[in-house]
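Chain by chain, the residues run as shown.
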Amino acid sequence: MKRISLLLCILLACCSMALGWAGAVRAQQPVVRAVLFYSPTCPHCEKVIVEDLPPLFDQYGEMLQIVGVDTYTEGGQALFQAAIEQFNIPAERQAVPTLIIDDIVLVGSLEIPQQFPGLVETYLAQGGVDWPAVPGLVEALEAARAQLTATPGTGSQQAAS
């Protein structure tokens, strides 16, 4: 239970940072945006979230934004299914963790840490990359941002958890 709580706190912090930074990043600074589909009960997801992503956040700060999507929720599952269809993800690769950057789909706790850091470097050198074209993602981000804005203090409490 403690592992799951830590996992969820880190994902909430990452989501809050991504939502907060989206409007605050200066125009001249490149930004790389990606989406991570995860399950709160998946040990591979936990490894990626707890071990692999934090050093990248430390290194790139505001230039790296990742939003976590919990596939155990109805909305998260719908976004995951939309991503599967949009990117023609074959059945044998329909698993979590799945990280999508631009039109590149990375799956698993080996592929993500092996390939994602290099992709971040490449996209930053090219001027950044926006959120992947997952149908419904931008609307979900806007709804989450509106909810955080409508509830004063929620974002800072989540990020501090």
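Refer to the structure presented above.
A.B. asks: Could you clarify how one ought to interpret unusual backbone geometry in this entry?
C.D. replies: Peptide bonds are trans in most cases, and residues, glycine excluded, mostly fall at negative phi. Along the chain, Val 96 connects to Pro 97 via a cis peptide bond; the corresponding omega equals 0 degrees. Despite not being glycine, Asn 88 has its phi angle at roughly 50 degrees, a positive value. Here Asn 88 is to be found in the loop between helix H3 (74-86) and strand E3 (98-101). The backbone of Asp 102 shows a phi angle near 60 degrees, a positive value even though the residue is not glycine. Here Asp 102 is to be found in the loop between E3 and strand E4 (104-107). Given the relative accessible area of 30%, Asp 102 is considered partly exposed.

A.B. asks: Which parts of the structure should I look at to understand the sheet that holds E4?
C.D. replies: Strand pairing in a sheet takes place through backbone hydrogen bonds and is either antiparallel or parallel in direction. Within the open sheet, the 4 strands sit side by side as E2-E1-E3-E4. Their pairing is mixed. Only two strands of the sheet have a single partner each, and these edge strands are strand E2 (64-70) and E4. The sheet shows a mean angle of 20 degrees between the axes of neighbouring strands, taken without regard to direction. In the sheet, strand E1 (residues 32-38) pairs with E2 via 7 bridges, with the strands oriented parallel. Its bridge partner being in E2, Ala 34 is matched across the sheet by Ile 66.

A.B. asks: Is there a simple way to think about the pairing of E3 in this case?
C.D. replies: Two faces, one strand: in a regular strand the side chains alternate between the faces of the sheet. By the alternation rule, side chains of E3 split into Thr 98 and Ile 100 and Leu 99 and Ile 101, which are all buried. Pairing analysis gives 4 bridges linking E1 to E3, with the strands arranged antiparallel. Counted as the bridge partner of Leu 36 is Leu 99 from E3. Both E3 and E4 contribute to a ladder of 4 bridges, which runs antiparallel.

A.B. asks: I tried to follow the pattern of salt bridges on my own but got confused; where do I start?
C.D. replies: Two side chains bearing opposite charge may form a pair once their charged atoms approach each other closely. Within this structure, the stated rule accounts for 3 salt bridges. Across the salt bridge formed by Arg 33 and Asp 130, the nearest N and O atoms sit 3.1 Å from each other. Of this pair, Arg 33 sits in strand E1 while Asp 130 is found in the loop between helix H4 (108-125) and helix H5 (137-150), placing the two residues 97 residues apart along the sequence. Judged by relative accessible area, which is 14%, Arg 33 ranks as buried. With a closest N to O distance of 2.7 Å, Asp 52 and Lys 47 form a salt bridge. Look at Asp 52 and you get buried, because its relative accessible area is 17%. Residue classification places Lys 47 among the partly exposed positions, given a relative accessible area of 25%.

The rules we used
Residues numbered from 1 in each chain as written. Predicted model: local features only at pLDDT ≥ 70, side-chain atom pairs only at ≥ 80, totals over all residues. Heavy atoms only, no water. Helix = DSSP H or I, 4+ residues; strand = E, 2+ residues; numbered from the N terminus. Buried < 20%, exposed > 50% of the residue type's maximum accessible area, 1.4 Å probe, protein only. Pairing = 2+ DSSP bridges. Axes fitted to C-alpha atoms, helices over the stretch in contact; angles between N-to-C directions. Salt bridge = Lys/Arg side-chain N within 4 Å of Asp/Glu carboxyl O.

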